[in-house]
Amino acid sequence: MSEVVIRPSTEADLQGIADLFLPRKRDPEVFRYILTDAEGHLQSFVAETEGQIVGHVGYIMSDYRFNDEHLKGVFTIEWIVKEEFAGQAGLALYGKVMKLGDFTFIIGGTEVVNKIYPLLRFTVPIQIPRFIKVLKPLPYLKALNNPLWKRVAKTAYYSKGLFAGQAASGLQLVPHSGEDFLPAIPSDTVVNRELRPHLDWLKRAPGVTPYLLTLQQGGLPKGTALVYTRTEGDIVSGRIVHLSFLGEDPALWRGAISLLENFLAEKGSCIVTTMASHPLFSNALLENGHNVVKESPLWLRDKPKRFRNENIRWHFTYLEGDLAWRDVHISDFRRPTLSA
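Residues numbered from 1 in each chain as written. Predicted model: local features only at pLDDT ≥ 70, side-chain atom pairs only at ≥ 80, totals over all residues. Heavy atoms only, no water.

Quick look at the side chain of His290 now. Secondary-structure assignment places His290 in the loop between α9 (279–287) and β13 (291–301). Using a relative accessible area of 3% as the deciding quantity, one classes His290 as buried. One polar contact links His290 to Glu261, side chain to side chain, over a distance of 2.6 Å. The contacts of His290, once residues within four sequence positions are left out, are Phe131, Ile132, Lys133, Ile257, Glu261, Val272, Thr274 and Leu285. (Helix = DSSP H or I, 4+ residues; strand = E, 2+ residues; numbered from the N terminus. Buried < 20%, exposed > 50% of the residue type's maximum accessible area, 1.4 Å probe, protein only. Polar contact = N/O pair within 3.5 Å; in protein donor to acceptor, adjacent residues only side chain to side chain. Contact = heavy atoms within 4.5 Å.)

And the structure:
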């Protein structure tokens, strides 16, 4: 068997990377967006032999704060290798990514790769819940592509928290001013630093309408929020992509979530989805009537073991990696009819 070379990806590789996923079609232009950083450089590696792309791994590098340190976190994406080259290329590809940052992680993953991560010395410090709440029951009922009894049951279940939540006094959402603002972060909490290049990258995500907002109280900034809407036919879905760490006041979290729900409802969203790992955020979502639909493992490789304290609080949201724009349109929603 010919030698397999691991090298950085180039623009000319994008079609070859997309072809690795056949028969599932992947758009090379979407790969271009996902894999390109703020400076226009591709963030991925390919495995090549005899001029053929036989494997790929991409990554998204973000800045984090923990215990007054600035750290680079590497979120791995789109790891795939042709079966006959798995032994030669699989771990060699992933090894390139694991050397890049201060820690490497992924949220979720397929059944196959979840069996591989423990072999690469990844651990699972927490499970991260994902949430759904119906904002408009009738449009949600009409959007579902299920038998009538199931549509009624799902609508009733996910609408049970419809009237939960109340805005905090003096709290409001305004368009983001463009100024960087990160609230004070406790030393036991890991947070994304919300750097503008990363936020601007997420604003360019395919198939969604982004809204970058500032949360204010008494005219002073309290944090940043990023939300998406996605429209397919007459169905509008919403997502709270990110909400800054807001401190230790549960009422502030609940009020911020209520404001974001109202904002998305005004944009026509019949449903809102959220991912929240921090207890204050996730508890506030539950108190506001959001429902946990699944939990995803946080796979973490932290060779220096700086995160070994089990009391660490992770403030991870859809801001991490390439999760933000995926599945905003719920899988059992009907698809729009295409005209001839």
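Let's shift gears to unusual backbone geometry. What is expected of a backbone is that most residues other than glycine have negative phi and most peptide bonds are trans. The step from Leu22 to Pro23 runs through a cis peptide bond, and the omega angle for that step is 10°. Position of Pro23 relative to the elements: it lies in the loop between α1 (14–19) and α2 (28–35). Phi at Glu50 is positive, roughly 50°, even though this residue is not glycine. Secondary-structure assignment places Glu50 in the loop between β2 (44–49) and β3 (52–66). Note on Glu50: relative accessible area 72%, which makes it exposed.

What follows deals with the layout of surface pockets. Space inside the largest pocket adds up to approximately 1,400 Å³. Ile107, Gly108, Gly109, Thr110 and Arg326 are the residues nearest the centre of the largest pocket, which is lined by 46 residues in total. If you tally residues by element for the lining of the largest pocket, the top one is strand β4 (residues 69–81), at 7 residues. Residues that form the lining of the largest pocket fall into these classes: 23 nonpolar, 9 polar and 14 charged. (1 Å grid on protein atoms, 1.4 Å probe; cavity = no way out; pocket = protein on both sides within 12 Å on 5 of 7 lines; lining within 4 Å. Points joined across faces, edges and corners; volume = space filled by probe spheres on them. Nonpolar A, V, L, I, M, F, W, Y, C, P; charged D, E, K, R; others polar.)

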